[in-house]
Amino acid sequence: MLTSRAVCRKLAPLIRNSSTVCRQNVRRAGLNNARIPACVPAAHMSTGPLGGGGDNLKYALLVGAAFVGGITYAVITLKGDQRRYETRLSEISTRRQRSATPVQTEPSAVEATTTEAVSEPKLEAAPSPEEPRPPPEVAAAPSESSPQPPAPAADSTPAPPQLPSHAPYLLIGGGTASFAAARSIRARDPGAKVLIVTDEPDLPYMRPPLSKELWFSDDPSVTETLRFKQWNGKERSIYFQPPSFYIDPEHLTGAENGGVAVLVNKKVVHMDVRGNKVKLDDGTEISYEKCLIATGGVPRNLQVIERAGEEVMKRTSLFRKIEDFKSLENVSRKAESITIIGGGFLGSELACALGRKAAESGLEVVQMFPEKGNMGKVLPEYLSNWTTEKVKKEGVKVITEALVKSVSYRDDKLEIQLKDGRLVKTDHIVAAVGLEPNVDLAKSAGLEVDSDFGGFRVNAELQARSNIWVAGDAACFYDIRLGRRRVEHHDHAVVSGRLAGENMTGASKPYWHQSMFWSDLGPDVGYEAIGIVDSSLPTVGVFAKATAKDTPKAATEKSGTGIRSESETEDTAASPVASAAPAPAVENKDEYGKGVIFYLRDKVVVGIILWNVFNRMPIARKIIKDGEEHADLNEVAKLFNIHED
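Below you will find a few notes about this structure. (Residues numbered from 1 in each chain as written. Predicted model: local features only at pLDDT ≥ 70, side-chain atom pairs only at ≥ 80, totals over all residues. Heavy atoms only, no water.)

## Notes on the sheet that holds strand β13 (residues 396–399)
Inference 1: Ordered in space as β10-β17-β11-β12-β13, the five strands form an open sheet in which the pairing is parallel. Strand pairing shows two members of the sheet lacking a second neighbour, β10 (316–318) and β13, which therefore form its edges. Across the sheet, the mean angle separating the axes of adjacent strands is 20° when strand polarity is ignored.
Inference 2: For strand β12 (residues 364–368) and β13, the ladder comprises four bridges, and the chain directions are parallel. By the bridge assignment, Val-366 is partnered in β13 with Lys-397.
Inference 3: Packing of helix α11 (residues 345–361) onto the sheet brings it into contact with β11 (337–341), β12, β13 and β17 (428–431), and relative to β12 it is tilted by some 160°. (Pairing = 2+ DSSP bridges. Helix = DSSP H or I, 4+ residues; strand = E, 2+ residues; numbered from the N terminus. Axes fitted to C-alpha atoms, helices over the stretch in contact; angles between N-to-C directions. Contact = heavy atoms within 4.5 Å.)

## Focus on the sheet that holds strand β28 (residues 604–611)
Inference 1: With antiparallel pairing, the five strands of this open sheet are ordered in space as β24-β25-β28-β27-β26. Whereas interior strands pair on both sides, the edge strands pair on one side only; in this sheet they are β24 (516–520) and β26 (539–544). Neighbour-to-neighbour, the strand axes of the sheet open up by a mean angle of 15°, direction not taken into account.
Inference 2: As paired elements, β26 and strand β27 (residues 594–601) share six bridges and run antiparallel to each other. In the sheet register, Gly-541 faces β27, and the bridge partner there is Ile-597.
Inference 3: Relative to the sheet, helix α17 (residues 617–626) contacts β24, β25 (526–531) and β28, its axis offset from that of β28 by approximately 165°.

## Let's talk about the pattern of salt bridges
Inference 1: Across all of its chains, the model carries 26 salt bridges by this definition.
Inference 2: With a shortest N-O distance of 2.6 Å, Arg-410 and Glu-415 are connected by a salt bridge.
Inference 3: Assessed through its relative accessible area of 12%, Glu-415 is described here as buried.
Inference 4: As a salt-bridge pair, Glu-448 and Arg-457 come within 3.5 Å of each other at their nearest N and O atoms.
Inference 5: Classification of Arg-457 as partly exposed rests on a relative accessible area of 28%. (Salt bridge = Lys/Arg side-chain N within 4 Å of Asp/Glu carboxyl O. Buried < 20%, exposed > 50% of the residue type's maximum accessible area, 1.4 Å probe, protein only.)

## Concerning the environment of Ser-287
Inference 1: When you line up the elements, Ser-287 lands in strand β8 (residues 285–293).
Inference 2: Since its relative accessible area comes to 4%, Ser-287 is described here as buried.
Inference 3: Measuring from C-alpha to C-alpha, the distance between Ser-287 and Ala-167 comes to 6.3 Å, with 120 residues separating the pair along the chain.

## A closer look at the environment of Asn-467
Inference 1: Tracing the chain through its elements places Asn-467 in the loop between β20 (463–465) and β21 (468–470).
Inference 2: Asn-467 sits 175 residues away from Leu-292 along the chain, and the two C-alpha atoms are 8.6 Å apart.
Inference 3: Ignoring anything within four residues of it in the chain, the contact list for Asn-467 reads Asn-276, Tyr-288, Glu-289, Lys-290 and Cys-291.

## Some remarks on the side chain of Ser-237
Inference 1: Along the chain, Ser-237 falls in strand β4 (residues 235–237).
Inference 2: The exposure class of Ser-237 is buried, given its relative accessible area of 17%.
Inference 3: A distance of 3.1 Å separates a polar atom in the side chain of Ser-237 from the backbone nitrogen of Tyr-239.
Inference 4: In contact with Ser-237, not counting residues within four places along its chain, are Met-206, Leu-226, Arg-227 and Phe-228. (Polar contact = N/O pair within 3.5 Å; in protein donor to acceptor, adjacent residues only side chain to side chain.)

## Observations concerning the nonpolar core
Inference 1: Grouped together as the largest cluster of nonpolar side chains are 127 residues, with contacts concentrated most on Met-271, Ile-608, Trp-611 and Phe-640.
Inference 2: Leaving out residues up to four positions away in the same chain, Phe-640 has contacts with Val-596, Phe-598, Ile-608, Leu-610, Val-613, Arg-616, Ile-619, Ala-620 and Ile-623.
Inference 3: One finds Val-366, Ala-402, Val-407 and Ile-429 within the second-largest nonpolar core, a separate group that totals 15 residues. (Core = buried A, V, L, I, M, F, W, Y, C linked by side-chain atoms within 4.5 Å.)

## What to know about unusual backbone geometry
Inference 1: One non-glycine residue, Ser-508, lies in positive phi territory at about 55°.
Inference 2: Within the secondary structure, Ser-508 is located in the loop between α14 (490–504) and β24.
Inference 3: Owing to a relative accessible area of 47%, Ser-508 belongs among the partly exposed residues under this scheme.
Inference 4: If you check the backbone angles, Lys-603 has positive phi at about 70° while not being a glycine.
Inference 5: Mapped onto the fold, Lys-603 is located in the loop between β27 and β28.

## Structural notes on the packing of aromatic side chains
Inference 1: Applying the stated criterion across every chain yields a total of twelve aromatic pairs.
Inference 2: Arranged with centres 5.1 Å apart and planes meeting at 75°, the rings of Phe-345 and Phe-517 form a pair that is edge-to-face. Residue Phe-345 is found in helix α11, and its partner Phe-517 is found in strand β24; the two are separated by 172 residues along the sequence.
Inference 3: Pairwise contacts between aromatic rings join Phe-179, Phe-240, Phe-245 and Tyr-246 into one cluster. (Phe/Tyr/Trp six-rings, centres within 6.5 Å; stacked < 30°, edge-to-face > 60°.)

## A few points about the side chain of Ser-178
Inference 1: For Ser-178, the location among the structural elements is in helix α6 (residues 176–188).
Inference 2: Owing to a relative accessible area of 0%, Ser-178 belongs among the buried residues under this scheme.
Inference 3: Dropping the residues within four chain positions of it, Ser-178 is found in contact with Leu-171, Ile-172, Gly-173, Ile-196, Leu-292 and Ala-294.

## A word on α6
Residues separated by three or four positions in an α-helix point in the same direction, a consequence of the helix having 3.6 residues per turn.
Inference 1: For α6, spanning 13 residues, the distance from its first C-alpha to its last is 19 Å, which sits close to the expected 18 Å at 1.5 Å a residue.
Inference 2: Those residues of α6 lying buried are Thr-176, Ala-177, Ser-178, Phe-179, Ala-180, Ala-181, Ala-182, Ser-184 and Ile-185.
Inference 3: Against β1 (166–172), β2 (193–197), β5 (259–263), β8 and α14 lie the buried residues of α6. (Expected span 1.5 Å × (residues − 1).)

## Some details on the packing of α6 against α14
Inference 1: Running from amino to carboxyl end, α6 crosses α14 at an angle of 35°, the nearest separation of the two axes being 7 Å. Once α6 is placed against α14, the crossing between them reads as right-handed. Two secondary-structure elements touch here, α6 through Thr-176, Ala-177, Ala-180, Ala-181, Ser-184, Ile-185 and Arg-188 and α14 through His-490, Ala-493, Val-494, Gly-497, Arg-498, Gly-501, Glu-502 and Met-504.
Inference 2: In terms of residue class, the contact of α6 with α14 is built from seven nonpolar, five polar and three charged. (Left-handed = near helix turned anticlockwise from the far one by under 90°. Nonpolar A, V, L, I, M, F, W, Y, C, P; charged D, E, K, R; others polar.)

## Remarks on the pairing of β8
Within a regular strand, the side chains alternate between the two sheet faces.
Inference 1: As defined by bridge partners, β1 adjoins β8 across six bridges and the pair is classed as parallel. Looking at the pairing, His-166 lines up with Ser-287 of β8.
Inference 2: One ladder, built from three bridges, connects strand β7 (residues 277–280) with β8; its direction is antiparallel. If you follow Val-278 over to β8, its bridge partner there is Ile-286.
Inference 3: Between β7 and β8, which pair antiparallel in sequence order, lie four residues; one of them, Gly-283, sits at a positive phi of approximately 95°.
Inference 4: In this sheet, β21 lies alongside β8 in parallel orientation, the contact comprising three bridges. Residue Leu-292 lies in a different strand from β21, and its bridge partner there is Trp-469.

Okay, structure coming up:
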């Protein structure tokens, strides 16, 4: 067809000129005929030279001959092109077969074949020159494990793996949100080709066990196996899927049925949203059609520690990744004293985990924070004080209202000077003082960062741009009930990643989910929360006496999973039915066995904590979704059946 158009363009001027001459002769013939007497027979117009009919016949024959010649030339040319095209395909096929044979594999031959393979598909709507996609057979040709020696002129160094230059679905970040999105994309588009790029050396894994169950393992090689027993006794791996679940990145382009590939130890440093491509830290460029940003966050540190010098920094841990767990576990085997700075979720969980371990090894564990009690920014004061006593019973020395003034290294010890004059000496510091959302790509991508909560601002469908979505810790989204928020918990990563994956395949669903989070202070005390849980808000707590069923261990035995949100998020609450049992008085007012704490804003419930109450989150989610005022929250608490034995 391309050749036919070229022939037509060449013949067009000749046809136009012939047509113009014909029209001019017709006009001249008309003028001459006007001077011929009316009695002349009409037959003379076409048989003799009197009327110019002979000229018309000549030009008609000329145009016809040109047309027939053009068609003949086009047919002959097309047949020749077809023969050359088939010959070309045959040559390429022969080269591929030769390159697939190890004995004949040479770097120079691979380069030549790659060049030809990239240019050849122009016959079939190939990718643009900016996005070359070599065939999978060619990309896989330079095998690192080939036993045959290379050609004498070739370099003996094995060729690096061929990375895909294009990914239909590109997921930046290798955490929970990315994995949930990949699984969702593949569920809706079974042939999808998904590429996850992560700067960590590990495949996607779950983070909660890093500060919970892994510390209670009896396996001395837990840092290598990364397998743990849940509170219900079942064993599982920290990784979402084994390596066999994924395909090699270099094989992604040629995978007939698609798949999920993970590119580890690579960081995206620049994002070109107009060109739909990203640049890695090694200079590699990868184009995409749909992109998810799930970069998570970076642990914060105290400025006084960062300014204290190299010796202090070497003895300070930030806790976020697998390598952080391995490092701290190793330190706990050798150090005499570890101090945890921070009284939030992470700090309290690590304090309890290390405290229980300290009872066996003699390790001194200190936890300090500026609040009056553990979880002081989340729990009401009375419950925060109770939690602090619980942490102390785990073998932890708790220092409250502690503001760090300076940190120094002297006589093989770290000295933490507090503003009130107290001095704490320790061997190692764990800074658990919050998370900073990773928005490094915002500048190059031109994406908006929320000035109040941090993170990329997204719409209700988690979109930052038309073909860019954000999920997990890095997403600042609008909650239709609670306003704009940014959430840093596992359940939010799962649900937001899953929804982003669905929307990347065309679902166009808004994010209306109220995510939950949970924290365990060992196997006996745990809580689950939803909504805005801020101790500065008015609260109403309703408690009851706990039983043996009211522990995290019992909850996981019932649900069958230690990651409780995996079961909670799949449930929906029907109209809850209140317990008919009366609310008995709690015998010991200081013993908060189990209960429900409601957080209020303008007399409306905006947050709920279920204290040692499990598998009731759908009810809490419905209460917040309804957004109604309640005259008696004691009656609302009955919906959770906390008074039943």
